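Understanding the architecture of this molecule
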Amino acid sequence: MSMSFSLRSESSIPGPIVSRPTLSSLSRVPKNFPACNFHRHHIIYGDATSLCKRFCGLKLWILQRLNLQPGPAKIGTVNKFGGIKNKEKYRGADPSQSALTPKEASTLKLHDDFTGGAAQYSLQPKGTYLQYVQPPPDESVAGLAKSISSPRQVPSCTFSVNGDGKSSLCIAVIGATGELAKRKIFPALFALYYSGFLPENAYIVGYSRKNLTDEDLRLMISSTLTCRIDHQQNCAEKMESFLRKTFYLYGGYDNKEGMSKLDARMELLEGKSEANRIFYLSVPQEALVDVTSTLAHYAQTQKGWNRVIIEKPFGFDAPSSNQLSQFLLSKFEENQIYRIDHLLGRNLIENLTVLRFSNLVFEPLWSRKYIRHVQVILSEDSVEAAGKYFEGYGIVRDIVHSHILQTIALFAMEPPVSLDGEDIRNEKVKVLRSIRSLEPNDVILGQYKATSGNNADLYLNDLTPTFFAAALFIDNSRWDGVPFMVRTGMGMIKHRVEIRIQFHNVAGNIYRECLGHNVDLATNELILRDLPDEAILLKVNNKMPGLGLHLDASELNLLYKDKYNAEVPDSYEHLLLDVVDGDNHLFMRSDELAAAWNILNPVLQEIDNNNIELEVYELGGRGPTGAYYLWAKHGVWWADD
Ligand SMILES: NC(=O)C1=CN([C@@H]2O[C@H](COP(=O)(O)OP(=O)(O)OC[C@H]3O[C@@H](n4cnc5c(N)ncnc54)[C@H](OP(=O)(O)O)[C@@H]3O)[C@@H](O)[C@H]2O)C=CC1
Ligand SMILES: O=C1O[C@H](COP(=O)(O)O)[C@@H](O)[C@H](O)[C@H]1O
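Residues numbered from 1 in each chain as written. Chains lettered and ligands numbered in written order. Predicted model: local features only at pLDDT ≥ 70, side-chain atom pairs only at ≥ 80, totals over all residues.

Quick word on the overall build of the chain
Filter applied, for reference: Segments assigned H or I by DSSP are reported as helices when at least four residues long, segments assigned E as strands when at least two residues long, and all are numbered from the N terminus. Here a residue counts as buried when 20 or more other C-beta atoms fall within 10 Å of its C-beta, as exposed when 12 or fewer do, and as partly exposed in between; the C-beta atoms come from the backbone.
Along the backbone of the chain there are 20 helices and 19 strands. Within the chain, buried positions represent 43% of all 641 residues.

Take a look at the structure:
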């Protein structure tokens, strides 16, 4: 039997606007929204040598690159926007090498410098309009253009240069030709633009090494922009205007010419008013050091704040990650750095804190006194990620280090002083530092079995785990002795993301005769589910109707799709908006990163030294049987898939 209950708030929520009822969004909901006032705030079938080249080589390479960089030279001081105040200093000593001022840019024929000889702009006398002239087709993009499905032509356009005194926002997507940019970043930016979450004077500038034009980029991304089912009004128009605000520049990642061109282009768009910039570094790790150093010196604005988004993986292990962090911190202030793990942009994650800290009924139960164990489950039915950087990294580095440990930190932290990002990060890092280093015998690692019928991409080296299960313990007074059972894998039976909290039995239960050996009846369980079907479920006992006394374990069920008639925004959208807002609570700070590596280090060392055998499991199955034994060892019963 299942019961449903509805968590209706006092004021009913108006229609489609409610795209993201989360903590961090409350400060930006439209005025008519009834909200409270927050302070915003492989097994290898190949040879081991090539494996080692790939596996260890990258790590060494990164370290070498890091060591080769010139010493720390953080330039300028950070202003209240997190931006660097003294631009002259970070531009470098030779003024003749510095980037163009808007004035210089306005007199420049942008023909070659800005578009690789493809597009032309001309500045009108008063400096308010640039005329964009459609470039002739460029052979270099013929292949790319062919690959574009149903391109939406954007006509030649004019755009207004920001001259109205309002602050502007330029979002530079570095690695703009990549998969991530195409599939996730540009669509998320469009969704934010569509919903009015980007400032009026927002511009998007794609940057990469390929010789493309503005128009090429627009064609490329236009096939991936979509409007939500519940947000369809003026969709085509909005796409067009978004594309008009989108530009492309090509250049190297390691030279100041490229980054200075980027800076000049953004200055031209920004005009004279306050200008803020976000740099989304959607490039492989190999390119990160080059990009960040030149970007820090040549592409930051001094007319507002600069924020840098760094993609996973965040290093390879503790030493490489620490070095990378030190390097980044020699170029940027901590509060400028946003390390993104898009899985943390899910509704479930934000709900962890909302549920706990905005209800009276959960927080008092949130400790070892009432909670027997917690299960954190993230299984993917797909193996899509296997072809990417995943090989050589594996699931521990890819998913456990950031996503799982961050989830546990948010779940288990003490109440933060406020919703301010730093207050939350202060609490998260305490949890991470209290988590006991993982003992290899408390860990089950597995790898899905690729068979001859499978795509070659699925074959991984034998040091790449695709399944991880472990019991983690937080050695602090709140959580002492409570096992946090983690299970995450690829190529599993079901796509499932949930947190299950099982409570202790009722002491001296006067209904024990009615419970028998039914564990469901003996235990209350709170399930926070993201996939499939986002829901909050609470298992409680109740009396079945009728004569006699029969207890039934029922679920109080808040099923999101029934309750909210709104599409859940993509997690990139959520997190990008957080960056725009300067809300960094879902992004890992350097000390969190280091603490997380310390937990995993013993296991990573065993994997890297080839001391742990990966248990092979069938694709589409339930994963290694060892995980069931591990669960049993800790007295936890397996929540079935
Ligand atoms: N895709 C995903 O789902 C996920 C991605 N990530 C992270 O985001 C990054 C970007 O992802 P994705 O777009 O899929 O990656 P890509 O491999 O597609 O790289 C993105 C762009 O970076 C440039 N690039 C590629 N290799 C190099 C290199 N060796 N040196 C310099 N530039 C290079 C290319 O642009 P050009 O040649 O035009 O300069 C490419 O288009 C990944 O490396 C990873 O770190 C993290 C989690 C998931
Ligand atoms: O960050 C990652 O996420 C994907 C899963 O993302 P989703 O949005 O498709 O659920 C995962 O496959 C990949 O390994 C990881 O790096």
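The discussion continues.
Describing the site of ligand 1
Operational definition: Residues are counted as near a molecule or strand when the C-beta atom, derived from backbone positions, lies within 6 Å of that molecule or strand. Asp, Glu, Lys and Arg are counted as charged, while Ala, Val, Leu, Ile, Met, Phe, Trp, Tyr, Cys and Pro are counted as nonpolar; the rest, among them Gly, fall into the polar class.
Neighbouring residues of ligand 1: 20 residues in total, closest Gly178, Leu180, Ser208, Arg209 and Ala287. Mapped onto the shell around ligand 1, the elements with two or more residues apiece are helix H6 (179–194) and helix H10 (285–298). Considered class by class, the residues forming the shell around ligand 1 number seven nonpolar, six polar and seven charged.

A short note on the pairing of strand E10 (residues 337–340)
Our working rule: Paired strands, as defined in this entry, are two strands with at least two bridges between them according to DSSP. Seen with its strands pointing away from the viewer, a crossover is right-handed when the path leading from the first strand over the helix to the second is clockwise.
Burial of E10 is two-sided: the residues Ile337 and Arg339 facing one way and the residues Tyr338 and Ile340 facing the other way are all buried. Bridge analysis of strand E9 (residues 306–311) against E10 gives four bridges, and the strand direction is parallel. Residue pairing for E10: Ile310 is matched across the bridge by Arg339. After leaving E9, the chain enters helix H11 (residues 318–331) and then returns to the sheet as E10, a path that is right-handed.

Some remarks on the sheet that holds strand E5 (residues 168–174)
Whenever strands of a sheet pair, they do so through backbone hydrogen bonds, lying parallel or antiparallel. How we decide: Every axis corresponds to a line fitted to the C-alpha atoms, with the helix fit spanning only the stretch in contact, and the corresponding angles, defined between N-to-C directions, vary from 0 to 180 degrees.
One open sheet holds the six strands; their spatial order is E7-E6-E5-E8-E9-E10, and the pairing between them is parallel. Every interior strand has two partners, whereas the edge strands, strand E7 (246–250) and E10, have only one. Geometrically, the sheet is characterised by an average inter-axis angle of 20° between neighbouring strands, direction not taken into account.

Some details on the packing of helix H13 (residues 394–412) against helix H14 (residues 421–434)
This is how it is decided: Orientation labels follow simple angle bins: below 35 degrees gives roughly parallel, above 145 gives roughly antiparallel, 65 to 115 gives roughly perpendicular, and whatever is left gives oblique. Left-handed describes a crossing in which the near helix is turned anticlockwise from the far one by less than a right angle; the clockwise case is right-handed. Residues are treated as contacting if the C-beta atoms built from their backbones sit within 7 Å of each other.
Here H13 crosses H14 at 110°, and the two axes come no closer than 8 Å. On the basis of the axis angle, H13 is roughly perpendicular to H14. Crossing handedness for the pair H13 and H14: right-handed. Side by side, H13 and H14 meet where Leu405, Ile408, Ala409, Leu410 and Ala412 of the first sit next to Lys428, Val431 and Leu432 of the second. Residue composition of the contact of H13 with H14, by class: seven nonpolar, no polar and one charged.

Observations regarding the UniProt feature "domain: Glucose-6-phosphate dehydrogenase NAD-binding" (unreviewed entry) in the chain
What counts is decided by this rule: UniProt positions are given in the numbering used here, feature names are shortened, and annotations may be inferred rather than shown by experiment.
Per the UniProt record, "domain: Glucose-6-phosphate dehydrogenase NAD-binding" (unreviewed entry) is annotated on residues 173–351. Structurally, residues 173–351 comprises 46% helix and 17% strand, and the distance from its first C-alpha atom to its last is 29 Å.

Quick word on H14
Our working definition: To estimate the expected span of a helix, subtract one from its residue number and multiply by 1.5 Å. To obtain the arc, one takes the directions from the helix axis to the C-beta atoms.
The terminal C-alpha atoms of H14, which comprises 14 residues, lie 20 Å apart, in line with the 20 Å expected from a rise of 1.5 Å per residue. Within H14, the full set of buried residues consists of Gly421, Ile424, Arg425, Lys428, Val429, Val431 and Leu432. Down the axis of H14, the buried set is contained in an arc of 160°. They therefore lie on one face. Considering only its buried residues, H14 is in contact with H13 and helix H19 (590–608).

Observations regarding the domain arrangement of the chain
Here is the rule we go by: Segment limits for the domains were obtained from an automatic or database-derived domain assignment.
Once the domains are mapped, the chain shows domain 1 (81–340) and domain 2 (344–503 + 586–633). If you look at the interface, domain 1 gives 15 residues, while domain 2 gives 15 residues. Put simply, the parts of the chain that give the side of domain 1 that touches domain 2 at least two residues each are H11 and E10. When residues of the side of domain 1 that touches domain 2 are assigned to their parent elements, the largest contribution, five residues, is made by H11. Here the residues of the side of domain 1 that touches domain 2 are counted per class, giving eight nonpolar, three polar and four charged.

A short note on the packing of H13 against H19
Between H13 and H19, whose axes approach to 10 Å, the crossing angle comes to 145°. Along this stretch, H13 crosses H19, giving a crossing that reads as right-handed. When H13 is examined against H19, the residues Val396, Val400, His401 and Leu405 are found in contact with a partner set consisting of Ala596, Trp597, Ile599, Leu600, Val603 and Leu604. Class assignment of the residues belonging to the contact of H13 with H19 gives a composition of nine nonpolar, one polar and no charged.

Looking at helix H9 (residues 256–270)
When the terminal C-alpha atoms of H9 are compared, their 20 Å separation across 15 residues agrees well with the 21 Å that a helix rising 1.5 Å per residue should span. Following H9 by one or two positions, Gly271 has its phi on the positive side, about 70°.

Quick look at unusual backbone geometry
Following Lys312, the chain continues to Pro313 via a peptide bond in cis, the omega torsion being -5°. Along the chain, Pro313 falls in the loop between E9 and H11. A positive phi is found at Asp533, a non-glycine position, where the angle reads about 60°. Mapped onto the fold, Asp533 is located in the loop between strand E16 (525–531) and strand E17 (535–543).

Examining the pairing of strand E6 (residues 202–208)
E6 sits mainly inside the fold: seven of its seven residues count as buried. Of the two faces of E6, both are covered, the one formed by Ala202, Ile204, Gly206 and Ser208 as well as the one formed by Tyr203, Val205 and Tyr207. Pairing of E5 with E6, which is carried by six bridges, proceeds in the parallel orientation. Across the sheet, the residue bridging to Leu169 is Ala202, located in E6.

A short note on the environment of Ile474
As for its placement among the helices and strands, Ile474 is situated in the loop between strand E13 (467–472) and strand E14 (484–489). A C-alpha to C-alpha distance of 9.6 Å links Ile474 and Ser437, two positions 37 residues apart in sequence. Dropping the residues within four chain positions of it, Ile474 is found in contact with Ala412, Val431, Ser434, Ile435, Trp479 and Phe484.

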